[in-house]
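Secondary and tertiary structure notes
Listed below, chain by chain, are the residues.
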Amino acid sequence: MRGNWHIVAISVAAGALNTMFNQMIIPIMFIAWLVLLYVTKRLRKLLVIISFLCFLFFSYYIPTISNQFETPPNESIRFMSGTIKGNVQFTDKMLQFQFLDKQKNDLYLVHYYLSNPSQSNKELHTRIYTGAVCTIKGRAMQLEGSRNPGEFNYGRYLAEKGIRFRFEMTSLEDVQCEGTSPLHNIYQLQTRLKEKVSAVYSEHTSSWVHALVLGDDSKLSEETIDMFQRWSLSHLLAISGLHIGLIVGLLYFISIKLGILTKEKADWLMIVFLPIYAIIAGGEPSVWRASLMVLLFILLSKWRMYISTVDGISIVFILLIVLNPSLIYHVGFQFSFLVTFGILLSSAWIAKSPSLFISMLRISFISQMIILPLQFHYFYIVQPLSILLNVLIVPYFSFVVIPLMFILAIMVYLPVIPNLIDIVFKKLMTSVIQLINYIDQVANYPWIFGEVPFLFGIIYYAVFICGMMFAQSGRLKRSFYYHTMAVFIMMILLIRPYFSSEGTVTMLDVGQGDAFIIELPYRKGVIMIDAGATFHFQDEKISDKVYRQVLKPYLHVKGIYEIDAIFASHEHVDHVGSIPYLIQDFRVKQVLVSTFYPNEYWMKDVEIKRVKSGESWKIGDHVFNVLAPSIDQKDANENSLIIQSEFAGLHWLFMGDAGKPSEKILLEQNPNIPVDVLKIGHHGSKSSSDKDFINHVQPKYAFISAGIKNRYGHPAPEVIATLHEAGIFVFQTPQHGAVIYRYQEGKQNNRLFQSYLQIEP
Amino acid sequence: MHCLWCHDSILVEVSWGNVFMPSRRSPLCSACTNKLQLLDGRRCVRCSRYSNQTVCGDCIWWKDIFQDEDPLAWNYSVYHYNDPMKEMISRWKYRGDYLLGEAFRWPFIDAFKQSFLKWDKAAILVPIPLSVVRHRERGFNQAEMLTAFLDRKSVALLQRKDGEKQSKKSRQDRIFAENPFRMKKTINKPVILVDDIYTTGATLRHAANVLKQQGCPKVCAFTLIRG
């Protein structure tokens, strides 16, 4: 087995992939690989059998995650008893923990919204602690999935952690808790350490100590975290091998060199300390990976067994998956193991580097390239220059920031010197962040790939591994040839949309608001009709939630970086609130508004075209007819742009928020207007969609965009009744999520309506 | 696993080259493997000796002796006979460390594939035998062990008369000694003679001579070491 653990680990991973992707090619390739290994006598029979059994077992052992979430057995307010699992999380808005139901052994995610932000566990006197056996009162709820393509699937994310339902506690008064587990003491220690750090250092410095020593990045600014993610620097914020290596080295140095402990005793100290530190540091998979690897090597050396690092990481991988099969879905777990594995495989190549700089470059290169398919899969976007930025920033973190943070954490109890370091660090860190910010602005050339097919991953890795093989054996020309091929394959992905004859019209589910995205075939144009946002009533601000959670991910998943035109129907936030964010991040060529649209602050940043009723606008050789507004009705809704256009023989009419008066004017001016698909005016409000109007235009399909259980009661039951009476099929976002109309250029027989939530029409 | 030569434990280093295709386990550690010198680069096309000429002086001399009818068409060897190899061979052959021969399995197989696979496919392997006395002394025949590594039909065609060890004789003695080989039966297929070492080439030529005389169409040799 020694020297071959990675074969077993690869088999385990293949089994997991088989379950996660359910692609025939995985078992076929895996079995062909094993047979090849056996026939060429590179693997003994026993190992071939073990590998195959691992593949089968883990295909079964890894839980499958369905996108259809179960409805809880009982949705009324009730009591539930069970045990609190893991850390109890407190933010200033909510209290959250995982709860194992005693009756059915189901894992719940329990939350309670705090009425008063200053409430803390101490003040609440609830004894809601890790490991406590509790009875709580509240309502079980179904997990909620995503409602749009590209949108983060929170329900799936929870399900991947093994959580079956959510549970909202209605009050804390009826909670009865008893006891704790030893874990609770460790979490308490963590809380106390955090409080101590916050008390001694400035807010800025303590936020970094929290993130890099205690594994809690919630105090870092969202912009910093975002920027680190964009530039593939997030690994620096996750506690991993670098941190563990440092703290292990530091502890050994202190205990042995200063003569406090013998080597033997220092080893035992490490064996006790590392698991506790792993929990204090947030218990993320990257921490466990690094700690367990060190532990394994210390333990094995006690038994005079020596294994290679590749064997070490393989054993830790298998161990973690056996203990918690859900981990395989954890993004951090995947990234951490893949990058470390890649670097270990390259260790000979990295060691051969002629200079320290080159070896840093090689490490950065491998780390970035080996996760590319995952990066595409999760984020749809890549900053090619991040390899170079990593070379610049990683040494700064490895040699300056991380050691400093650990020293600061240890020196928390000294009075004067730390404060000095605190001030210097703050200055230094601020300027480095500014530097990254600057680079973020001038070198921002992202590649937006959209969703990539599974096959791409396989081809990419095959080519990449060949490239690395040749690089390692010094055949650089060949290596260059393969890596060029890898880039070429990515290029093909990038230009995919330009060769697709499919066009789409998508009604996104943005809650209470409108946002339509039209993608013309062969990427001849991307046109939006409205880009709504929600209004934050507490802050009285336009929220970027819709933009961040729906619009941007959708555009990224479709590989869109340029928008040819946005029709802004009228000035209400639920129709245009996201336009300023779009202008900031995407190349928006023009925004078309009616002549009655008021001037707004963001208009200076983009080309504005005032359009009139009766005009036809050609965008990417597709014609959009403007049918309204023709007269100023002194009302934003009634002054909505009404747009008509045809896609593969279906005539669409987008009403904006136009009401009954506008409908009348429209029919007077265009009595014979052909309509197959009607975007119902004003979210289906009863002030729109007059019975006469509907019966006159006689659409086949109606589209309604409205929020679930919105405060306006949209869509009105009267309107729905009118539509049903007229035999019109109604698509509405509260039921269907995003609705996508697909067509082929020049063909009328390949049309298809799809609802994202898969309720077939 | 421990190295057959130095008994240190062997750590397999997994890298991009062997992560999906594990390298065949060498029973030697990498340090010991590196001590052995594989023959590569320019060599004599007839006897595998390091040489800048196409055919080395030795082989020209043999050619003259046999007046253009050298019974041995050519010889291919795998290793150079350097000092570590000398030590290893003596432990393997003379001190009876049979298992040490496993160290040569894969290099021997790979070299065979490289140089003989495309040669006459009907050719049959014939190990150079030991005399009955010598075989009893040593317990095994190193040439038979090497032959067994290869995936090709082999026949113990030859028999050897007892005599002085080759390694104890001078060059002249070896070359002009009486032919010690005798054939058990005749063969009409080409033959690849297998032995551990090609030193002067005399032994192999004696064997080749006997084979040729009995009607074998072509004889060449595959040896582990070129002395």
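Residues numbered from 1 in each chain as written. Chains lettered and ligands numbered in written order. Predicted model: local features only at pLDDT ≥ 70, side-chain atom pairs only at ≥ 80, totals over all residues. Heavy atoms only, no water.

**Details of the overall build of chain A**
In terms of helices and strands, chain A carries 27 helices and 27 strands. What you see for chain A is a C-alpha radius of gyration of 29 Å, in line with the 27 Å of a compact globule of 761 residues. C-alpha extents for chain A along the principal axes are approximately 95 × 70 × 55 Å. Classification of the 761 residues of chain A by burial places 52% in the buried group. When contacts within chain A are restricted to residue pairs at least 6 apart in sequence, those whose partners lie at least 24 apart make up 67%. As displayed, chain A has an accessible area near 35800 Å², and 59% of this comes from carbon and sulfur atoms. (Helix = DSSP H or I, 4+ residues; strand = E, 2+ residues; numbered from the N terminus. Rg over C-alpha atoms; globule rule 2.2 N^0.38 Å. Buried < 20%, exposed > 50% of the residue type's maximum accessible area, 1.4 Å probe, protein only. Contact = heavy atoms within 4.5 Å. Areas by Shrake-Rupley, 256 points an atom, 1.4 Å probe, with all protein chains shown as cover.)

**Let's talk about the state of the cysteines**
In this structure the tally under the stated criterion is one disulfide over all chains. The side chain of C134 of chain A participates in a disulfide bridge whose partner is C177 of chain A; the two sulfur atoms lie 2.1 Å from each other. Its S-S torsion of about 110 degrees marks the bond between C134 of chain A and C177 of chain A as right-handed, since a negative value means left-handed. With a gap of 43 residues between them, C134 of chain A in strand β4 (residues 133-141) and C177 of chain A in strand β6 (residues 176-178) connect regions that are remote in the sequence. Across the pair, exposure class does not vary: C134 of chain A and C177 of chain A are buried alike. We note that C47 of chain B lacks a disulfide partner, and the nearest cysteine sulfur, in C56 of chain B, lies 3.5 Å from it. Residue classification places C47 of chain B among the buried positions, given a relative accessible area of 0%. (Disulfide = S-S within 2.5 Å.)

**Considering the domain arrangement of chain A**
Split into domains, chain A comes out as domain 1 (5-61), domain 2 (78-180), domain 3 (188-306 + 346-371 + 387-447), domain 4 (454-490) and domain 5 (501-755). Each of domain 3 of chain A and domain 5 of chain A has a C-alpha centre, and these two points are 49 Å apart. (Domains from an automatic or database assignment.)

**Some thoughts on the interface of chain B and chain A**
Each side of the interface is counted separately: chain B has 19 residues, and chain A has 30 residues. Across the chain B-chain A interface, the total number found is zero salt bridges. Remark: the boundary between chain B and chain A carries six residue pairs in polar contact (both at pLDDT 80 or more). Its residues assigned to classes, the side of chain B that touches chain A comprises 11 nonpolar, five polar and three charged. (Salt bridge = Lys/Arg side-chain N within 4 Å of Asp/Glu carboxyl O. Polar contact = N/O pair within 3.5 Å; in protein donor to acceptor, adjacent residues only side chain to side chain. Nonpolar A, V, L, I, M, F, W, Y, C, P; charged D, E, K, R; others polar.)

**Some details on the nonpolar core**
Within the largest apolar cluster, 135 residues are counted, with the highest numbers of intra-cluster contacts made by W208, F228, F317, F397 and M405 of chain A. It is helix α17 (residues 386-410) of chain A that provides the largest number of residues to this core, a total of 13 residues. Once residues within four sequence positions are removed from consideration, M405 of chain A is found in contact with W208, V209, L212, V213 and F425 of chain A. Residues I10, M88, M145 and L146 of chain B belong to the second largest nonpolar core, which totals 39 residues. (Core = buried A, V, L, I, M, F, W, Y, C linked by side-chain atoms within 4.5 Å.)

**Comments concerning the sheet that holds strand β6 (residues 219-226) of chain B**
All names here are of chain B. Strand order across the open sheet formed by four strands is β1-β6-β5-β2, with parallel pairing between neighbours. In this open sheet, the two edge strands, each paired with only one partner strand, are β1 (75-80) and β2 (124-127). Averaged over neighbouring strand pairs, the angle between their axes works out to 20 degrees when direction is ignored. Of the pairings in the sheet, the one linking strand β5 (residues 191-198) to β6 comprises seven bridges and is parallel in character. Paired with V191 across the bridge in β6 is V219. Lying on the sheet, helix α8 (residues 202-213) is in contact with β5 and β6; it crosses β5 at an angle near 165 degrees. (Pairing = 2+ DSSP bridges. Axes fitted to C-alpha atoms, helices over the stretch in contact; angles between N-to-C directions.)

**As for unusual backbone geometry**
All names here are of chain A. Residue P629 is reached from A628 by a cis peptide bond, and omega for that bond is 0 degrees. Mapped onto the fold, P629 is located in the loop between β20 (622-628) and β21 (642-647). For the peptide bond that leads from H714 to P715, omega is -15 degrees, which places it in the cis range. Within the chain, D530 stands out as a residue other than glycine whose phi angle is a positive 70 degrees. Checked against the element boundaries, D530 lands in strand β11 (residues 526-531). We note that H682 has phi near 50 degrees; this positive angle belongs to a residue other than glycine. Of the residues examined, H682 reaches a relative accessible area of 16% and is grouped as buried.

**Focus on the pattern of salt bridges**
Residues and elements named next belong to chain A. Scanning all chains against the criterion turns up 35 salt bridges over all chains. A salt bridge links K691 to E725, with the shortest nitrogen-to-oxygen separation between them at 3.3 Å. Of the two residues, K691 is situated in helix α25 (residues 691-697) and E725 in helix α26 (residues 717-725); the sequence distance between them amounts to 34 residues. Look at K691 and you get partly exposed, because its relative accessible area is 44%.

**Looking at the domain arrangement of chain B**
All names here are of chain B. Along its sequence, chain B is carved into domain 1 (1-35) and domain 2 (37-226). Taken over C-alpha atoms, the centre of domain 1 sits 28 Å from the centre of domain 2. Across the boundary between the two partners, domain 1 contributes seven residues, which contact 12 residues of domain 2. Between domain 1 and domain 2, the buried area comes to about 930 Å², and carbon and sulfur atoms account for 68% of it. A per-residue breakdown of the area domain 1 buries against domain 2 is headed by L4, W5 and R24, which together make up 62% of the total. At the junction of domain 1 and domain 2, the tally comes to three residue pairs in polar contact (both at pLDDT 80 or more). Tallied by class, residues from the side of domain 1 that touches domain 2 come to four nonpolar, one polar and two charged. (Buried area = accessible area lost by both parts, 1.4 Å probe.)

**Things to note about the packing of helix α9 (residues 241-257) of chain A against helix α11 (residues 285-302) of chain A**
Residues and elements named next belong to chain A. At a minimum axis distance of 8 Å, the contact between α9 and α11 shows a crossing angle of 45 degrees. One element, α9, and the other, α11, form an angle in the oblique class. For the pair α9 and α11, the crossing hand works out as right-handed. Here G241, I244, V248 and Y252 of α9 come into contact with α11, specifically with V287, R289, A290, S291, V294 and I298. Split into classes, the residues belonging to the contact of α9 with α11 amount to seven nonpolar, two polar and one charged. (Parallel < 35°, antiparallel > 145°, perpendicular 65-115°, else oblique. Left-handed = near helix turned anticlockwise from the far one by under 90°.)

**Brief notes about empty space enclosed by the protein**
All names here are of chain A. If you walk through the whole model with that rule in mind, you get two cavities of 30 Å³ or more. Roughly 70 Å³ of volume is contained in the largest cavity. Going through the elements one at a time, β20 and α24 (660-669) are the ones with two or more residues in the lining of the largest cavity. Ranked by residue count, the leading element in the lining of the largest cavity is α24, at four residues. Of the residues that constitute the lining of the largest cavity, the class distribution is six nonpolar, four polar and one charged. Counted by class, the lining of the second largest cavity contains six nonpolar, two polar and three charged residues. (1 Å grid on protein atoms, 1.4 Å probe; cavity = no way out; pocket = protein on both sides within 12 Å on 5 of 7 lines; lining within 4 Å. Points joined across faces, edges and corners; volume = space filled by probe spheres on them.)

**Digging into the layout of surface pockets**
All names here are of chain B. Roughly 960 Å³ of volume is contained in the second largest pocket. Taken together, 31 residues form the lining of the second largest pocket, with S23, R24, S26, T33 and P107 sitting closest to its centre. Only α1 (30-35), β1 and α4 (105-116) provide two or more residues apiece to the lining of the second largest pocket. Tallied by class, residues from the lining of the second largest pocket come to 17 nonpolar, eight polar and six charged.

**Focus on the environment of M528 of chain A**
Residue and element names in this part refer to chain A. By the element assignment, M528 lies in strand β11. The spatial distance from the C-alpha of M528 to the C-alpha of L36 is 53 Å, given a sequence separation of 492 residues. Once you skip the residues sitting within four places of it in the chain, M528 turns out to touch F516, I517, L551, I563, A565, I566, F567 and L582.

**Let's talk about a nonpolar patch on the surface**
Residue and element names in this part refer to chain A. Residues I31, V35, Y38, V39, I49, F52, L53 and L56 make up a contiguous nonpolar surface patch of about 690 Å² in total accessible area. Mapped by element, the contributors of at least two residues to the nonpolar patch are α2 (25-39) and α3 (45-61). With respect to the helices and strands, V35 occurs in helix α2. (Patch = residues over 30% accessible without salt bridge, like charges linked within 9 Å, V, L, I, M, F, W, Y side chains within 5 Å.)

**Observations regarding the confidence of the model for chain B**
When pLDDT is averaged across chain B, the result is 87; 99% of the residues are at 70 or more. This complex was scored by the predictor with a pTM of 0.85 and an ipTM of 0.78. (pLDDT = per-residue confidence, 0-100.)

**Things to note about a positive patch on the surface**
Residue and element names in this part refer to chain B. Residues K153, R182, K184, K185 and K189 make up a contiguous surface patch of positive charge. Inspection of the secondary structure assignment puts K184 in the loop between β4 (181-183) and β5. Overall, the relative accessible area of 48% leaves K184 in the partly exposed class. (Lys, Arg positive; Asp, Glu negative; His and termini not counted. Charge placed at Lys NZ, Arg CZ, Asp CG, Glu CD.)

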